[in-house]
Each structure stands twice: as structure tokens, then as C-alpha cells.
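# Residue-level structure breakdown
What follows is each chain in one-letter form.
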Amino acid sequence: MSQFSEELLETESKGQYCRFVQTADGSYALEPVKVPAHIIAEREERLRRREIRRHAEENRKRAESINGGSVLF
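Criteria and cut-off values
- Residues numbered from 1 in each chain as written.
- Predicted model: local features only at pLDDT ≥ 70, side-chain atom pairs only at ≥ 80, totals over all residues.
- Heavy atoms only, no water.
- Helix = DSSP H or I, 4+ residues; strand = E, 2+ residues; numbered from the N terminus.
- Buried < 20%, exposed > 50% of the residue type's maximum accessible area, 1.4 Å probe, protein only.
- Contact = heavy atoms within 4.5 Å.
- Areas by Shrake-Rupley, 256 points an atom, 1.4 Å probe, with all protein chains shown as cover.
- Pairing = 2+ DSSP bridges.
- Salt bridge = Lys/Arg side-chain N within 4 Å of Asp/Glu carboxyl O.

What follows is about the overall build of the chain. When you go through the chain residue by residue, the secondary structure sums to three helices and two strands. Ordered by position from the N terminus, the helices and strands of the chain form the series α-β-β-α-α. Each of the 73 residues in the chain was classed as buried or not, and the buried ones make up 11%. Pairs at least 24 residues apart make up 26% of the contacts formed inside the chain by residues separated by at least 6 positions. Per element, the accessible surface of the chain, about 6400 Å² overall, is 56% carbon and sulfur.

See the structure below:
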């Protein structure tokens, strides 16, 4: 997994895993908060399963296709 995607798994700039922080001028801003470990594990598992499905589909298409070598055989 790349460094960029690991950073995305650990923090989120918007959404559920952020909090409001008051700035020096009195306005509020969203600050990312570290995502819980069990959420990171679920996301990684979902990505792993998606990759497995994608490879299985590619293998299935390759097996069903007829190429020149199989026709001559």
C-alpha cells in the first residue's frame, strides 16, 4: 500500500472522524482525528476482497476466451 493511501486510512479531512476546533480569530475549523484501528482493518479487508474479486474475474474471462493456440490444438 502506498504512503498516500496509508495516510488516508489513518485520518480523514471531512466526515465522521473530525472535530471542530476554534481558531485564534474565533472562527471554527474542522480538524482530522485519527481513525480507530478497527475501522482501518475493515477498510483494508474490503480492499483486499475487492482485489481478489477483480483477479478472479480476470482469470475467469481469460479461461473462457478462445485464442489462436486453443483453436489449432
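Summarising the sheet, strand β1 (residues 18-22) and strand β2 (residues 28-32) pair through five bridges and their orientation is antiparallel. In the sheet register, Cys18 faces β2, and the bridge partner there is Pro32. The antiparallel hairpin formed by β1 and β2 contains five residues in its connecting segment, where Gly26 sits at a positive phi of about 95°.

On to the pattern of salt bridges. According to the stated counting rule, one finds six salt bridges in the structure shown. Salt-bridge contacts for Arg49 lead to Glu45; the nearest nitrogen and oxygen are separated by 3.0 Å. Here Glu45 and Arg49 lie together in helix α2 (residues 37-64), a separation of four residues that amounts to about one turn. On the basis of relative accessibility, which here comes to 48%, the residue Arg49 falls in the partly exposed class. Residue Arg54 pairs with Glu51 through a salt bridge whose shortest N-O separation is 2.9 Å. Placement of both Arg54 and Glu51 in helix α2 is noted, with a separation of three residues, approximately one turn of the helix. The partly exposed category is assigned to Glu51, whose relative accessible area is 37%.

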